Amino acid sequence: MEELIGKPVVRVEDKSLLTGQGRFTDDLHFDGELHAFFVRSPHAHALIRSIDASNAVQMPGVVAFACGETLANAGLQPINPLTRSADYPICNKDGSPLPDVRRWPLARGKVRLVGEPVAVVVATSAQLARDAAEAVDVDYEPIDAVINVDQAMAADAVLLWDDLESNICVDTESGDRTSVDTAFAAAYRVISTTVDYPRHVVAFMEPRAVIAHFDKDTQRYEVTCGSQSIHWHQAGIAEMLNVSPAEVRVISPDTGGGFGARTSPYPEYAVVAWLAKHTGAVVRYTPDRSESFLSDSQSRDHRLTVQLSVDENFKMTALRLSSVWRLGAYLNARSIWLHASYMHLVNCGVYRIRASHFECKGVFTNTANIGAFRGVARAEACYALERVVDQAAAELGIDRVELRQLNMIQVSEMPWIAPSGARYSAGDYPTNFQMLLERIDWSEFECRKKAARQNNKYRGLGFSTYLDSVGGAPNEYAKVAVTGDLVEACVGTKSVGVGHQTVFAQLLASRLQIPLERVRIIDGDTDRVSRGVGTHASRSLRIGGSAIHVGAEKVLKRAREFAADHLEVVARDLEYSGGSFCVSGTDRRISLFSIAELMMQDDGESLAADHEFVTAGHMYASGAQACEVEIDVDTGQVRVCRFVTVADPGRIFNPLVVDGQVHGGVAQGIGHALLERTHYDEATGQLISGSFMDYTMPRADDLPMLENIFNPVDTDENPLGTKGVGELGITGAPAAVMNAITDALRPLGTFDVQMPVTSERLWRLIRETG
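Everything numeric in this text was worked out from a predicted model, so none of it was measured.

Focus on the nonpolar core
Working step 1: Formed by 138 residues in total, the largest nonpolar core has its most connected members in Leu 321, Ile 336, Tyr 424, Phe 463, Phe 643, Leu 674 and Ile 741.
Working step 2: For this core, the element with the highest residue contribution is helix α10 (residues 378-396), accounting for 11 residues.
Working step 3: Counting 50 residues, the second largest nonpolar core, distinct from the first, contains Phe 593, Ile 595, Ala 596 and Leu 607.

See the structure below:
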């Protein structure tokens, strides 16, 4: 059989998706189904005095109504953000735990953001449900809202949570404050800058639809929804329903994007499940885009202050990174842990920095929750670091390329133990950067810059280097079984458009030496996959793939033992190739599929094995990026002329999939730098950027042809030699774009340029600064 690993196999899932044969949650329909529609708060902060649904329940087609009190009386429970706190160990500087603030599936007594669900109506059609929801009369008593972090931290700030002393949710730190203070005191220069990483909506292609059914015979709920982690959804929905996870089956069909925002269940999922039991019918809900903008988890939203010290030889000695973080109205313990731990792990990047200190202060505000998003924490850390490195070069009068090269960790220094405790064991950072300089034609940039000036344009070139902490949960489950003429792998990860059906099949087909079309990958059903963690943090191939790999090894071991008995030879005399065991030096052979059939006939046993693969910790992928821009100062328009990424994802299993992952991440990163920002009215808390008319996503004509080159360095941390690729494109992209813009503007003076650099904002900035 042809070795498939490393080959650009076209994604096997694409034919159905591109020809309209994909089946997403909203594509599924059932006889007698009902439709839910949620009544959402128009206020950012208000007391709920009363809810009158008397008119709504009389309207045509209305079947059921519920509010927060209805669900509480039925035994439903609020979401406890600290349920899995042992998995996310984080506390405040003073040792105190995170506050125990719980969110009810439907608000009770008080609303804390515009769009918070307050009640729900069920009707025989979506339009009738919507009409009836508009007839529900909720008496609100508005309260002053706190929208930005300065409002939230003011001494006289209105409190989102009455039983807390302030709006500060978390105030944590990591690293060695004293060592950094000492290094700063002895430094030749300490360079400091403050940058904003704005808030973004996730905007996955498929809205988070949900369909629920309650089986009276088995007394189980069946919930269908897009998910990155069906077992986390199962546990979370069960917690809200106040039942055991075994009483909830979660099915996740084709899913149109996740990016971290589909990792945990939303309150609406449990509400729809309860409504299914209450009505005895299938109940479905699909939000429109306006609802998604209001109620999906959002991302980023950090004000980052970074300080970098250097000695007289321009060697970096210490770094301090401080974040003030607007995290929204409710607590997401996993999100806080991700930001606090991941940002600290990689805050020194690829540089030989001996001391670091990180602190994060997160505050409650009357805005949507912050959750995970592609590149969570790593993109923010990279952005702050690479902006201050460019600023240091300018202040010190040293070339920015030279400053980076002077301070990069060398291959001979591996494994490198960062001051955060992170262990960088495999990578070649100087070569990544050298490949980048050659591809972007760094030596000829000044000629291109002069040519642009002749056309009254200002050209700039920006660099970034980055580390991606490929981590997440350290364990994943898979079961490999030979069934009929197929090999099936049930795996706890979940494909959300990222190519698992292809790459996992390549892995399994190559190891078992069988045709690709005889492999099936099964995910997205808690009844078929007994346990698992899911897809996040670029972990799926490294951990889930390793579980499949070891499962396949166990299958081959069992098959070899059976084949030896069947052929009456010792196991060591068997050779395996082309999907069959053969007695060495003879033509006596038996195929893997025949072994499976005989095992079932003889002993009633299936040829199957499962495995829970556990890693020792984080793995660190790396890379470098360069962006070349051209600015029209008369209009403020920024044009991205070129964008080059050098990436080290470890061993590459499918170049097409890897290319696509990097392209997608870069596109998102350019969008963050130039276009995207979630904007709330700071007096009312109304979402101003509440649709795609007001929130600009990057389009094809905003991007150049993206250039990817790879410098893969295998790792021995897992049997596949892979690290991760899903977040490599986005991690360094915003920094590269912003450094390019700053470089282009340098002839005009010094500018405090913050993301997103829209044409209007840049035009105004240039004129305001003369």
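Back to the write-up after that little detour.
Quick word on the side chain of Asn 739
Working step 1: If you trace the backbone, Asn 739 turns up in helix α18 (residues 728-745).
Working step 2: Residue classification places Asn 739 among the buried positions, given a relative accessible area of 1%.
Working step 3: Polar side-chain contacts of Asn 739 include one of 3.3 Å to the backbone oxygen of Glu 386.
Working step 4: Setting aside residues up to four positions removed in sequence, Asn 739 forms contacts with Glu 386, Arg 387, Asp 390, Arg 404, Leu 461, Gly 462 and Phe 463.

Considering the sheet that holds strand β10 (residues 220-225)
Working step 1: Spatially, the seven strands line up as an open sheet ordered β3-β5-β1-β12-β9-β10-β11, and their pairing is mixed. The sheet is open, and its two edges are formed by β3 (62-67) and β11 (248-251), each paired on a single side. On average, adjacent strands in this sheet sit at an angle of 25° to one another, irrespective of strand direction.
Working step 2: Looking at chain direction, β10 and β11 are connected through four bridges and run parallel.

Quick notes on the sheet that holds strand β6 (residues 137-142)
Working step 1: Spatially, the three strands line up as an open sheet ordered β4-β2-β6, and their pairing is antiparallel. Two strands close off the open sheet at either side, each with one partner strand: β4 (110-111) and β6.
Working step 2: Relative to β6, strand β2 (residues 46-52) runs antiparallel, the two being bridged by six bridges. Bridge pairing in β6 places Ala 46 opposite Pro 142.

Some words on the packing of aromatic side chains
Working step 1: If you walk through the whole model with that rule in mind, you get 15 aromatic pairs.
Working step 2: Feature note: the residues Trp 161, Tyr 330 and Phe 364 constitute an aromatic cluster, connected by ring pairs.
Working step 3: Directly above the ring of Trp 161 sits Arg 112, whose terminal nitrogen or CZ lies 3.5 Å from the centroid.
Working step 4: We note Arg 208 situated over the ring of Tyr 266; from NZ or CZ to the ring centre the distance is 4.0 Å.

Some words on helix α9 (residues 333-345)
Working step 1: Along its 13 residues, α9 runs 18 Å from first to last C-alpha, staying within 8% of the 18 Å computed at 1.5 Å per residue.
Working step 2: Taking burial as the measure, the 13 residues of α9 include 13 buried ones, the bulk of the element.

Regarding the layout of surface pockets
Working step 1: Of the pockets and cavities examined, the second largest pocket occupies roughly 770 Å³.
Working step 2: Looking at which element gives the most residues to the lining of the second largest pocket, the answer is helix α6 (residues 230-241), with five residues.
Working step 3: Of the residues in the lining of the second largest pocket, the class split is 20 nonpolar, 13 polar and six charged.

Re the packing of α10 against α18
Working step 1: For the pair α10 and α18, interaxial distance at closest approach is 8 Å and the crossing angle is 30°. Between α10 and α18, the angle is such that the two are roughly parallel. By crossing handedness, the relation of α10 to α18 is classed as right-handed. Taken together, the residues of α18 that come into contact with α10 (itself represented by Arg 378, Ala 379, Cys 382, Tyr 383, Glu 386, Arg 387 and Asp 390) are Ile 730, Thr 731, Gly 732, Pro 734, Ala 735, Met 738, Asn 739 and Thr 742.
Working step 2: Among the residues making up the contact of α10 with α18, the classes are represented as seven nonpolar, four polar and four charged.

Here's the deal with the side chain of Glu 291
Working step 1: On the secondary structure map, Glu 291 appears in helix α8 (residues 289-295).
Working step 2: At a separation of 2.8 Å, a polar atom in the side chain of Glu 291 contacts the side chain of Tyr 285.

Concerning the environment of Ala 212
Working step 1: With respect to the element layout, Ala 212 can be found in strand β9 (residues 210-215).
Working step 2: Separated by 129 residues in sequence, Ala 212 and Thr 83 place their C-alpha atoms 24 Å apart.
Working step 3: Non-local contacts of Ala 212, meaning those with residues more than four positions away in its chain, are made with Glu 222, Val 223, Val 272, Ala 273, Ala 276, Ala 281, Val 282 and Val 283.

Conventions adopted
Residues numbered from 1 in each chain as written. Predicted model: local features only at pLDDT ≥ 70, side-chain atom pairs only at ≥ 80, totals over all residues. Heavy atoms only, no water. Core = buried A, V, L, I, M, F, W, Y, C linked by side-chain atoms within 4.5 Å. Buried < 20%, exposed > 50% of the residue type's maximum accessible area, 1.4 Å probe, protein only. Helix = DSSP H or I, 4+ residues; strand = E, 2+ residues; numbered from the N terminus. Polar contact = N/O pair within 3.5 Å; in protein donor to acceptor, adjacent residues only side chain to side chain. Contact = heavy atoms within 4.5 Å. Pairing = 2+ DSSP bridges. Axes fitted to C-alpha atoms, helices over the stretch in contact; angles between N-to-C directions. Phe/Tyr/Trp six-rings, centres within 6.5 Å; stacked < 30°, edge-to-face > 60°. Lys NZ or Arg CZ within 6 Å of the ring centre and 35° of its normal. Expected span 1.5 Å × (residues − 1). 1 Å grid on protein atoms, 1.4 Å probe; cavity = no way out; pocket = protein on both sides within 12 Å on 5 of 7 lines; lining within 4 Å. Points joined across faces, edges and corners; volume = space filled by probe spheres on them. Nonpolar A, V, L, I, M, F, W, Y, C, P; charged D, E, K, R; others polar. Parallel < 35°, antiparallel > 145°, perpendicular 65-115°, else oblique. Left-handed = near helix turned anticlockwise from the far one by under 90°.

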